[in-house]
Amino acid sequence: SQKIEQNSEALNIQEGKTATLTCNYTNYSPAYLQWYRQDPGRGPVFLLLIRENEKEKRKERLKVTFDTTLKQSLFHITASQPADSATYLCALYNFNKFYFGSGTKLNVKP
Amino acid sequence: GAGVSQTPSNKVTEKGKYVELRCDPISGHTALYWYRQSLGQGPEFLIYFQGTGAADDSGLPNDRFFAVRPEGSVSTLKIQRTERGDSAVYLCASSLLAGGQADTQYFGPGTRLTVL
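All of the points below concern the structure found in this document. (Residues numbered from 1 in each chain as written. Chains lettered and ligands numbered in written order. Predicted model: local features only at pLDDT ≥ 70, side-chain atom pairs only at ≥ 80, totals over all residues. Heavy atoms only, no water.)

**Brief notes about the interface of chain B and chain A**
It is common to report an interface's size as the accessible area lost on association of the parts. Filter applied, for reference: Only heavy atoms matter for contacts: two residues are in contact if any of them lie within 4.5 Å across the pair. Here the buried area means the combined drop in accessible surface, using a 1.4 Å probe, for two parts upon being joined, counting both sides. In what follows, salt bridge is the name for a side-chain nitrogen of Lys or Arg lying within 4 Å of a carboxyl oxygen of Asp or Glu. The definition of a polar contact used here is a pair of N or O atoms within 3.5 Å, where within protein one atom must be able to donate a hydrogen and the other to accept one, and adjacent residues in sequence count solely through side-chain atom pairs. Labels follow the DSSP assignment, with helices taken as runs of H or I lasting at least four residues and strands as runs of E lasting at least two, numbered in each case from the N terminus. Each residue gets one label: Ala, Val, Leu, Ile, Met, Phe, Trp, Tyr, Cys and Pro are nonpolar, Asp, Glu, Lys and Arg are charged, and the others, such as Gly, are polar.
Between chain B and chain A, the residue contacts involve 22 residues of the former and 20 residues of the latter. Taken together, the two surfaces of chain B and chain A that pack against each other cover about 1600 Å², and 55% of this comes from carbon and sulfur. Counting across the chain B and chain A interface gives one salt bridge. Measuring nitrogen to oxygen at the nearest pair gives 3.1 Å for the salt bridge that ties A:Lys97 to B:Asp56. Taken together, the links from chain B to chain A amount to four residue pairs in polar contact (both at pLDDT 80 or more). Elements with a contribution of two residues or more to the side of chain B that touches chain A: strand 4 (31-37), strand 5 (44-50) and strand 6 (53-56) of chain B. For the side of chain B that touches chain A, the leading source of residues is strand 4 of chain B, giving three residues. In terms of residue class, the side of chain B that touches chain A is built from ten nonpolar, ten polar and two charged.

Listed below in C-alpha cells is the structure:
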C-alpha cells in the first residue's frame, strides 16, 4: 500500500511570506495527487489536483509541483495571510483508493 | 443539494451497541467514499461506491463494519458491536465521476462517534 509522509510539525510563518509544504510518498506513483485544506471540526476542502504527467499547477496564490522521480509534491501559498492558517492534507489516488497524509498544520502570524 | 451532509453530527454510544451513520451526497454524484479520521491523522479510506455497488471495500477494518447505498444516492455506514477503538470522526465524500477520472471529492462535515 501507499505510505504518505507530511511534516507532522507545525509550520509557523509570518504574514506575507511564502509557505511551502511537502508531501512524500513511497511505492507507486499515483495517477494523480490532490491537496486539501482542513479546518478544526470540519471536513477537508479540495484545493488543487495535479496529474502524474504534469509538473506544476497554479490557482491564484496556490502552486503545486509534482516530481515523480523524487516521489514528492510541494504545495506553496504565496503572500500568506492569517486566514490561510489550517491543516493541509495531500492525497494520492491509486487503484480506486485515496491515500491521505496526516497533514501539516500551518500557522500564519500577523 | 448545497453540499454533502452527514447525520448525526455527534453520536455517543456504549460499547457493544449498533450504530448507523448516514451520508447524503451531492445530487447526481456517482462516486461516494467513506473515511475514518482519528485525531492528528489524515482520513483513512474505508469503502468506495460507484453507483449502488461497493467498488472497493478493502478499507473496512473487519466484518463489524458494513455500508450500503441501495439507490445510488444516500449511503449508510453500519457498525455492529461497537468497540472503544471505533471512536473517530467518520467522513463521507462524493464526486461527480468515478475516482479514476481525476475528479474533486466534496467532503461532508463528518460524524463524531464516541464509544464509551
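**Some words on the sheet that holds strand 3 (residues 19-25) of chain A**
Residues and elements named next belong to chain A. Using the following cut-off: One requirement defines pairing of two strands: DSSP has to find at least two bridges between them. Interaxial angle, 0 to 180 degrees, is taken between N-to-C directions of lines fitted to C-alpha atoms, where a helix line uses only the stretch in contact.
One open sheet accounts for five strands, arranged 1-3-8-7-6; its pairing is antiparallel. Each of the sheet's edge strands pairs with one partner strand only, and the pair in question is strand 1 (4-6) and strand 6 (56-59). Between one strand axis and the next, the sheet turns by 15° as a mean value, whatever way the strands run. Two strands pair when backbone bridges link them, and strand 7 (residues 62-67) and strand 8 (residues 72-77) are joined in this way by six bridges, in the antiparallel orientation. Within strand 8, the position partnered with Lys63 by the bridge is His76.

**Quick look at unusual backbone geometry**
Filter applied, for reference: For every residue, the accessible area (1.4 Å probe, protein chains only) is compared with the maximum for its type, and the residue is labelled buried under 20%, exposed over 50%, or partly exposed between those bounds.
The linkage connecting B:Thr7 with the following residue, B:Pro8, adopts the cis geometry, with an omega of -10°. Counting through the fold element by element, B:Pro8 comes out in the loop between strand 1 (5-7) and strand 2 (10-13). Not every positive phi belongs to a glycine, and A:Ala79 is a case in point at roughly 45°. Take A:Ala79: it is sitting in the loop between strand 8 and strand 9 (86-94). Of note in this structure, B:Arg81 is not a glycine but carries a positive phi near 45°. Mapped onto the fold, B:Arg81 is located in the loop between strand 8 (75-79) and strand 9 (88-95). On the basis of relative accessibility, which here comes to 45%, the residue B:Arg81 falls in the partly exposed class.

**Considering the packing of aromatic side chains**
Put simply, the rule is: For Phe, Tyr and Trp, rings pair up if their centres lie within 6.5 Å, where Trp contributes its six-membered ring, and each pair is then called stacked (planes under 30 degrees apart), edge-to-face (over 60) or tilted (otherwise).
Evaluated as defined, the whole model comprises 16 aromatic pairs over all chains. The interplanar angle of 90° and the centroid separation of 5.6 Å between the aromatic rings of A:Tyr36 and B:Phe107 together place this pair among those described as edge-to-face. With A:Tyr36 in strand 4 (residues 32-38) and B:Phe107 in strand 10 (residues 106-107), this residue pair bridges two chains. Each member of the pair, A:Tyr36 together with B:Phe107, is buried.

**Section: the pattern of salt bridges**
Should their charged atoms come close, side chains of opposite charge can pair. By the definition in use, this model includes ten salt bridges over all chains. One salt bridge in this structure joins A:Arg58 and A:Glu56, with 2.8 Å as the shortest N-O distance. Residue class for A:Glu56 comes out partly exposed when judged on its relative accessible area of 39%. In this structure, the salt-bridge partner of B:Arg64 is B:Glu83, at a minimum N-O distance of 3.6 Å. Here B:Arg64 is found in the loop between strand 6 and strand 7 (65-68), whereas its partner B:Glu83 is found in the loop between strand 8 and strand 9, with 19 residues between them in sequence.

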